[in-house]
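The residues making up each chain are set out below.
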Amino acid sequence: MKAAVGLYSALVLCLLMGAVFSQRLRPKKPPKPPKATKRPSFKPSLPPDELEPQEPTDFPPPILGPPSMFLDCPRECFCPPSFPNALYCENRNLRTVPVIPSRVHYLYLQNNYISVVTAEPFNNATELRWVNMANNRIRKVDKQVFEKVPGLLFLYMERNQLKEVPDDLPAGLEQLILSHNQISKIPSGAFGKMEHLALLDLHHNKLSDSDVGKNTFKDMKNLVQLNLAHNILKKMPANIPNGITQLFLDRNNIEDIPKDYFQGFSNLAFVRLNFNQLSDKGVPKAVFNVSTLLDLHLAHNQLTSVPLFNPQLEQLHLNHNSIESINGTQLCPFSLSSESLTDEALMPRLRYLRLDGNHLSPPVPLDVIMCFRHLKSIVI
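Residues numbered from 1 in each chain as written. Predicted model: local features only at pLDDT ≥ 70, side-chain atom pairs only at ≥ 80, totals over all residues. Heavy atoms only, no water.

Just so we agree on the cut-off: UniProt positions are given in the numbering used here, feature names are shortened, and annotations may be inferred rather than shown by experiment.
Named according to an unreviewed UniProt entry, the protein is Proline and arginine rich end leucine rich repeat protein originating from Oncorhynchus kisutch. Looking at the Sequence similarities (unreviewed entry) heading of the UniProt record, one finds this comment for the protein: "Belongs to the small leucine-rich proteoglycan (SLRP) family. SLRP class II subfamily." We quote the UniProt Subcellular location (unreviewed entry) comment for the protein here in full: "Secreted, Extracellular space, Extracellular matrix".

Written as structure tokens, this is what we have:
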């Protein structure tokens, strides 16, 4: 019995020693290596004026033009073989003006992202006659730019971000379009030497009475059209050249017209004063009695009566005022029994009369029809 107990104890002891031995021989798992740490990047600090510029993310990349037979053709433009005097760089997503070859007379740069116009690209562009830089983001034009192009005749810079009329514009310009900018300043003498300018378009800017000086337009002897619509003028601009044909002043805040404002105009045919603050008090009785006037727009004002006008007037727009009645006997330049109303040469020329948006209702008074026998359309 004792021998059996001893044997059993020895067997248990052997099993325990085997378990201990196997634990010692089992290899341990190697420890995980430590995570690699990023090496600190070292960027030298630069002064603010030497920082590398970042490409704006909202601009698409520039579009390159096709290969050209002209060695001087900028890579981002198109130089048509059949029209070697033209350089087409429009709709190319350009940020700057490319170098202009000396052979170019016509430059198309519209619909890009140009913000500053510098002089260097124009160093050899002495033959330029026509430049279109419309619909960019131009906010600055270097003074020396126009010194490089003394023969420039047509300059179109509408729909940009200019805050003042550029300095030192070429004296020979014939057309200048600066509409849809943010212009609130016209430098003194900006148009002083422009005797050949026929069209000046400054509509849709921020010009006030104080921004338009007394002599701003005085020296433009050949001016045909002046467009100052959609600004913030309260007064009629002073010293308009008396040879002008078209004067557009829509969408300002003009309240009155000086009595003799239009006297002395020899060619004035079209006047537009829609969307102003004109009332009967601010419109002298015969201010529009101008023999050359053909088309008069006075819509969207505060008139309560029809102003007198010359027999030569052909179109009169008086819609959306506060007119309550129309008296043909008062408006007619002749007595309704006068022989002048039967003479074709002397008969009033009014052909189109618009009166809708007032406090009027049909029918049209008979004396109006009897006087203005050339009338083709009356809107009431």
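From this point, things continue past the structure.
## Concerning the overall build of the protein
Rule in force here: Strands are runs of DSSP state E lasting at least 2 residues, helices are runs of H or I lasting at least 4, and numbering of each runs from the N terminus. The buried label goes to any residue with under 20% of its type's maximum accessible area, the exposed label to any with over 50%, and the partly exposed label to all in between, with areas taken from a 1.4 Å probe on protein chains only. Two residues form a contact once any of their heavy atoms are found within 4.5 Å. Using the Shrake-Rupley algorithm and a 1.4 Å probe, accessible areas are obtained, with residue cover drawn only from the displayed protein chains.
For the protein, the helix and strand inventory stands at three helices and 15 strands. A total of 380 residues make up the protein; the buried ones form 41% of that total. Considering only contacts in the protein between residues 6 or more positions apart, those separated by 24 or more positions represent 44%. Accessible surface computed for the protein: about 22000 Å², of which carbon and sulfur atoms make up 54%.

## Points about the nonpolar core
What counts, and what does not: Definition of nonpolar core: a set of buried residues of the types Ala, Val, Leu, Ile, Met, Phe, Trp, Tyr and Cys, connected through side-chain atoms within 4.5 Å.
Among the nonpolar cores identified, the biggest contains 89 residues, and F122, L155, F191, L200, L202, F262 and L273 are the most heavily contacted of them. Discounting residues that sit within four places of it in the chain, L155 has contacts with V131, M133, F146, L169, L173, Q175, L176 and I177. Counting six residues, the second largest nonpolar core, distinct from the first, contains A86, Y108, I177 and L199.

## Examining unusual backbone geometry
Note the cis peptide between P362 and P363, where omega equals 5 degrees. Relative to the elements of secondary structure, P363 occurs in the loop between β14 (352-354) and α3 (366-371). Backbone geometry places N91, a non-glycine residue, at a positive phi of 55 degrees. Relative to the helices and strands, N91 is located in the loop between β1 (86-88) and β2 (106-108). Within the chain, H204 stands out as a residue other than glycine whose phi angle is a positive 60 degrees.

## Brief notes about a nonpolar patch on the surface
Inclusion rule: Patch criteria: residues need more than 30% relative accessible area and no salt bridge. Like-charged residues are merged within 9 Å; nonpolar side chains of Val, Leu, Ile, Met, Phe, Trp and Tyr are merged within 5 Å. A side-chain nitrogen of Lys or Arg and a carboxyl oxygen of Asp or Glu constitute a salt bridge if their distance falls within 4 Å.
Side chains of L336, L366, I369 and M370 sit close together on the surface and give an oily, nonpolar patch of about 360 Å² of accessible area. As for its placement among the helices and strands, M370 is situated in helix α3. Residue classification places M370 among the partly exposed positions, given a relative accessible area of 38%.

## Some words on the environment of R351
Mapping R351 onto the fold places it in the loop between α2 (328-331) and β14. For the pair R351 and S377, spaced 26 residues apart in sequence, the C-alpha separation works out to 6.6 Å. With sequence-adjacent residues up to four places away left out, R351 is seen in contact with E314, H374, L375, K376 and S377.

## Side note on the packing of aromatic side chains
Each aromatic ring pair is summarised here by two numbers: the centre-to-centre distance and the angle between the ring planes. Test applied: To pair, rings of Phe, Tyr and Trp, with the six-membered ring standing in for Trp, must have centres within 6.5 Å; the planes then decide the type, stacked if under 30 degrees apart, edge-to-face if over 60, and tilted in the middle. In this analysis the charged atom, NZ for Lys or CZ for Arg, is taken to sit over a ring once it is within 6 Å of the ring centre and within 35 degrees of the ring normal.
Under the counting rule described, the total for this entry stands at twelve aromatic pairs. With a centroid separation of 5.6 Å and 40 degrees between ring planes, the pair formed by F83 and Y106 is classed as tilted. Here F83, found in the loop between α1 (2-25) and β1, pairs with Y106, found in strand β2; they are 23 residues apart in sequence, far enough to count as distant. Note on F262 and F265: the rings are 6.1 Å apart at their centroids and 55 degrees apart in plane angle, and the pair reads as tilted. Classification of F265 by relative accessible area gives buried; the value is 11%. Chaining the aromatic ring pairs together yields one cluster made of F78, Y88, Y108, W130 and Y156. Positioned above the aromatic ring of F70 is the side chain of R103, whose terminal nitrogen or guanidinium carbon lies 4.2 Å from the ring centre.

## Here's the deal with the pattern of salt bridges
Taken as a whole and assessed by the stated rule, the structure comprises four salt bridges. Residue D72 pairs with R103 through a salt bridge whose shortest N-O separation is 3.1 Å. Linking D72 in the loop between α1 and β1 with R103 in the loop between β1 and β2, this pair joins segments that are 31 residues apart in sequence. Salt-bridge contacts for E127 lead to R129; the nearest nitrogen and oxygen are separated by 3.6 Å.

## Observations regarding the state of the cysteines
Here is the rule we go by: Pairs of cysteine sulfur atoms within 2.5 Å are identified as disulfides in what follows.
One pass over the structure, following the stated rule, counts three disulfides. Each disulfide pairs two cysteine sulfurs, and for C73 the partner residue is C79, the sulfurs being separated by 2.1 Å. Its torsion about the S-S bond being 95 degrees, the disulfide of C73 and C79 is classed as right-handed. Each sulfur in the disulfide pair C332 and C371 lies 2.1 Å from the other. Sign of the S-S torsion, about 85 degrees for the bond between C332 and C371, identifies this disulfide as right-handed. One end of the pair, C332, is in the loop between α2 and β14; the other, C371, is in helix α3, with 39 residues separating them in the sequence. There is no split in this pair, since C332 and C371 are both buried. Of note for the protein: the bonded cysteines, numbered N- to C-terminal, pair according to 1-3, 2-4, 5-6.

## Some words on the UniProt feature "domain: LRRNT" (unreviewed entry) in the protein
Under the present numbering, the feature "domain: LRRNT" (unreviewed entry) in UniProt falls on residues 72-106. This span, residues 72-106, is 0% helix and 11% strand, and a straight line between its end C-alpha atoms measures 15 Å.

## Digging into the environment of F146
The residue F146 is located in the loop between β5 (140-141) and β6 (154-156) in this model. Along the backbone, F146 and D168 are 22 residues apart, and their C-alpha atoms lie at a distance of 6.5 Å.

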